[in-house]
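In case you want the letters, here they are:
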Amino acid sequence: MSSTPPVFSGLFPVAPTPFKENGDLDLESQRRVMDCMIDQGVDGICILANYSEQFLLADDERETLTRLCIEHVAGRVPVMVTVSHFSTRVASARAKLAADCGASLLMLMPPYHGTGMRIDESLTLEHFSRVGEASGLPIMVQDAPLSGVTLSVPFLVKLARELPLVRHFKIETPQTAAKLRALIAAGGDAIVGPFDGEEAITLMADLDAGATGTMSSALLPDLIRPVFDKHRAGDREGAAEAYETILPLINYENRQCGLRAAKTAMAEFGVIACEAVRHPLEQIHPATRAGLIELVRRVEPLVMRWAQ
């Protein structure tokens, strides 16, 4: 374990998991997803996240995807592997596998299982500690409403100060910018990687608050790149202009399509063979699909041209 864990920033979009029409993994399409995302100019790729339909994958499929994605990326960009599970033992085993395969960092939610089962903060801290010990990799704490677990700013700062590997945070709660600003102010140098998520729907406010990275979907990171780079260079007006151009598509993705958006666009334009999601998720409604593709065509992200 390094005494000074690496620091990550920039664009770390979530890779979708392509399936065949019958629901089987489409590994060739998965390789194409990784290549397309690298060509989008990302700083890293996150796999097996919620937008990867991780909650619909069997354990052996997770292992297959972990090995395949990291091997195929072959060091071209860092790969972040989501290892969340209620069981510390299972999350630790996933973390060790990711480390053994060559992952650069992990993403981990607090333990959660339904609305009635709650773990206190001391056990949550131990959960993060043990997963870190099992892998030796930096951990991105995923603070998301999906878990139903409230992670307070004081507790997140406690994690950062007591666990050297836990210094990156993906904040995707309501009023993300306010929480990011409070976290950075309270944690100081211990907060090395404050990120936002939710398809970058609040990106400008979050960058203003001090976010150093964003985790969108794989739909349009190449068009999010100018927003991020201009803001980081001090050109806030230019960043805002770039953001205004893509915000209708980001809003449509976030509010109408969810995780289906990136797969739908990738299938429409030939990056992957099939846009199917696994049951019990519903396929995207044809009218919603048409609206998505209309907005994609207006801004022409790389997914439109990549397979040509």
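Structure: see above.
Now for a look at the structure at hand.

1. Some details on the nonpolar core
Of all hydrophobic cores here, the largest spans 92 residues; its most connected members are I45, I47, V81, L159, F169, L219 and V227. The greatest single-element share of this core, amounting to nine residues, is contributed by helix 9 (residues 236–257). Among all residues touching L219, those that are not within four sequence positions of it are Q40, L249, E253, A261, A262, A265, L292, V296, P301 and V303.

2. Examining the sheet that holds strand 6 (residues 168–171)
Within the open sheet, the eight strands sit side by side as 1-8-7-6-5-4-3-2. Their pairing is parallel. Where the open sheet ends on each side, the last strands, each with one partner, are strand 1 (10–11) and strand 2 (45–47). When strand 6 meets strand 7 (residues 193–196), the two strands line up parallel, connected through four bridges. Paired with H168 across the strands is G193, a residue of strand 7.

3. Observations concerning the environment of L165
Mapping L165 onto the fold places it in the loop between helix 5 (153–162) and strand 6. Using a relative accessible area of 9% as the deciding quantity, one classes L165 as buried. Sequence separation of L165 and L259 is 94 residues, and the distance between their C-alpha atoms is 29 Å.

4. Notes on the environment of G148
Locating G148 in the fold gives a position in the loop between strand 5 (139–143) and helix 5. Spatially, the C-alpha atom of G148 lies 17 Å from that of L125, the residues being 23 residues apart in sequence.

5. Structural notes on the pairing of strand 3 (residues 79–82)
Along strand 3, one buried face is formed by V79 and V81 and the opposite face, lined by M80 and T82, is buried too. Taken together, the three bridges between strand 2 and strand 3 define a ladder with parallel strand orientation. Note that in strand 3 the partner of C46 across the bridge is M80. This β-α-β element, strand 2 to helix 2 (residues 59–73) to strand 3, shows right-handed connectivity. Pairing of strand 3 with strand 4 (residues 105–108) involves three bridges; the strand directions are parallel. Bridge assignment links T82 to a residue of strand 4, and that residue is M107. Between the parallel pair strand 3 and strand 4, the chain is carried across by helix 3 (residues 88–101), and the sense of this crossover is right-handed.

6. Concerning the pattern of salt bridges
Note that side chains of opposite charge can pair when their charged atoms are close. Going through the model one piece at a time under the given rule, you end up with 19 salt bridges. Of the charged contacts in the structure, one is a salt bridge between E126 and R130, with a shortest N-O distance of 2.5 Å. Here E126 and its partner R130 are both found in helix 4 (residues 121–135), four residues apart, which amounts to about one turn of the helix. Look at R130 and you get partly exposed, because its relative accessible area is 45%.

7. Describing unusual backbone geometry
Each neighbour pair has its own omega, and for H279 with P280 the value is 20 degrees, a cis peptide bond. With a phi angle near 60 degrees, L48 is a residue other than glycine that sits in the positive phi range. With respect to the secondary-structure elements, L48 resides in the loop between strand 2 and helix 2. The exposure class of L48 is buried, given its relative accessible area of 3%. One non-glycine residue, E198, lies in positive phi territory at about 50 degrees. Tracing the backbone through its elements, the reader meets E198 in the loop between strand 7 and helix 7 (203–209). Take E198: its relative accessible area is 33%, and that puts it in the partly exposed class.

Reading guide: rules and limits
- Residues numbered from 1 in each chain as written.
- Predicted model: local features only at pLDDT ≥ 70, side-chain atom pairs only at ≥ 80, totals over all residues.
- Heavy atoms only, no water.
- Core = buried A, V, L, I, M, F, W, Y, C linked by side-chain atoms within 4.5 Å.
- Buried < 20%, exposed > 50% of the residue type's maximum accessible area, 1.4 Å probe, protein only.
- Helix = DSSP H or I, 4+ residues; strand = E, 2+ residues; numbered from the N terminus.
- Contact = heavy atoms within 4.5 Å.
- Pairing = 2+ DSSP bridges.
- Right-handed = clockwise from strand over helix to strand, strands pointing away.
- Salt bridge = Lys/Arg side-chain N within 4 Å of Asp/Glu carboxyl O.

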